[in-house]
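Residue-level structural notes
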Amino acid sequence: MKGKRAKQKNLIKNLIIIAIIILLIVGFLSLLFFWSPEELVKKLGVQNAYLFLFFISFFGGFSAWGSVSFIATLITFATSGLNPLFVGITAGTSLFMGDLLMLYLGGKGIKALDKKWDNRLQKFSKKFSKKTMLLIPFITFFYIAFVPLPNDIMIAFIAIMHYPYKKAVVPIILGDYVFAILVAILASQGILLF
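Residues numbered from 1 in each chain as written. Predicted model: local features only at pLDDT ≥ 70, side-chain atom pairs only at ≥ 80, totals over all residues. Heavy atoms only, no water.

1. Some details on helix 9 (residues 165-188)
We count it as follows: Helix and strand definitions follow DSSP, with helices as H or I runs of at least four residues and strands as E runs of at least two, each counted in order from the N terminus. Helix span, expected: 1.5 Å multiplied by one less than the number of residues in the helix. Residue burial is assigned from relative accessible area. The probe radius is 1.4 Å, only protein chains are included, and a residue is buried under 20% of its type maximum, exposed over 50%, and partly exposed in between.
Look at helix 9: 34 Å from first C-alpha to last across 24 residues, which is about the 34 Å you get at 1.5 Å a residue. Regarding helix 9, the residues found buried are Ala168, Val169, Pro171, Ile172, Gly175, Asp176, Phe179, Ala180, Val183, Ala184 and Ala187. Phi for Gly190, located one or two positions after helix 9, is positive at around 85°.

Now the structure itself:
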């Protein structure tokens, strides 16, 4: 009985943390409804633009809406006279921090599931062979670096697969840096892929 109550308290605690994070994300990204990225650059100035980009990038991979806002802000800042390499490095750093937080929370969220769902997820992950598991870092890097979709799709897949956190870190970091720097440099040269 005590074990069940402790598990319920732990689940409630995890759900509250996740709800707070989601509210912060939605609140922060809703700023882009009130101001366009161009207006934000004018209002923020050069010094604060990097800080703002850091926060937008942190939440950039969390959803389709966040991904579009992040890419639009990244392109706007890269074409507004800011150094595109610094813009890419700033965005890449923040983006990988957000992705690693999502991976951590996703792993904790899966552990909080009841045994019925956990068993289903483990059966799903066992369907993949060891050779397929060896490809996950390469697939992760390619997806994050070159696919302009939310990173949460790949992060959720990694969490569901129970893929080791330490092995997922390097492809996520490299992919986020490559994506952000590539978009910033191309945008500064007038080449828009999205």
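2. Things to note about empty space enclosed by the protein
Filter applied, for reference: A cavity, in this analysis, means grid points on a 1 Å lattice covering only the protein atoms where a 1.4 Å probe fits yet has no way out; a pocket is instead an open set bounded by protein on both sides within 12 Å along at least five of seven lines, and a residue lines either one if it has an atom within 4 Å of a point. Grid points are joined across faces, edges and corners, and a volume is the space filled by probe spheres set on the points. Here the nonpolar group is Ala, Val, Leu, Ile, Met, Phe, Trp, Tyr, Cys and Pro; Asp, Glu, Lys and Arg are the charged ones; every other residue, Gly included, is treated as polar.
For the structure shown, the criterion picks out two cavities of 30 Å³ or more. Looking at the largest cavity, its volume works out to about 70 Å³. Those elements giving two or more residues to the lining of the largest cavity turn out to be helix 4 (64-79) and helix 9. At three residues, the largest contribution of residues to the lining of the largest cavity is made by helix 4. Classifying every residue of the lining of the largest cavity by side-chain character gives nine nonpolar, four polar and one charged.

3. Topic: helix 8 (residues 152-160)
Because an α-helix completes one turn every 3.6 residues, residues spaced three or four positions apart along the sequence face the same direction. Cut-off, in case you're wondering: Along the arc lie the directions from the helix axis toward the C-beta atoms.
Turning to helix 8, its buried residues number three or more, namely Met154, Ile155, Ile158 and Ala159. Down the axis of helix 8, the buried set is contained in an arc of 135°. They therefore lie on one face. Positioned one or two residues after helix 8, His162 has a phi angle of 55°, which is positive.

4. Things to note about the confidence of the model for the protein chain
To keep things clear, this is the line we draw: Within a predicted model, pLDDT stands for the predictor's per-residue confidence, ranging from 0 to 100.
Confidence in the prediction for the protein chain averages 79 pLDDT; 75% of positions are at 70 or higher. Looking at the elements of the protein chain, mean pLDDT is at its lowest for helix 2 (residues 31-34), recorded as 66, and at its highest for helix 9, recorded as 94.

5. Quick notes on the environment of Ile158
This is how it is decided: Contact definition: two residues touch when any of their heavy atoms are within 4.5 Å.
With respect to the secondary-structure elements, Ile158 resides in helix 8. Placed 51 residues apart in sequence, Ile158 and Gly107 show a C-alpha to C-alpha distance of 8.8 Å. Every residue in contact with Ile158, bar those within four places of it in the chain, is listed here: Leu103, Ile136, Thr140, Tyr163, Ala168 and Ile172.

6. With respect to the side chain of Thr140
Among the secondary structure elements, Thr140 is positioned in helix 7 (residues 130-146). Contact partners of Thr140, with chain neighbours within four places excluded, come to Met154, Ile158, Pro171 and Ile172.

7. Comments concerning the nonpolar core
Stated formally: Buried Ala, Val, Leu, Ile, Met, Phe, Trp, Tyr and Cys residues that are joined via side-chain atoms within 4.5 Å together make up what is termed a nonpolar core.
Core analysis: the largest hydrophobic core is formed by 19 residues, its most contacted members being Leu53, Phe70, Leu74, Phe77, Val87 and Ala91. Those elements giving two or more residues to this core turn out to be helix 3 (37-58), helix 4, helix 5 (84-112) and helix 9. Top contributing element to this core by residue count: helix 4, with six residues. When sequence neighbours within four positions are dropped, the list of residues in contact with Leu74 reads Leu53, Val87, Ala91, Ala180, Val183 and Ala184. Formed by 16 residues, the second largest nonpolar core is a distinct cluster that contains Met102, Leu103, Ile158 and Ala168.

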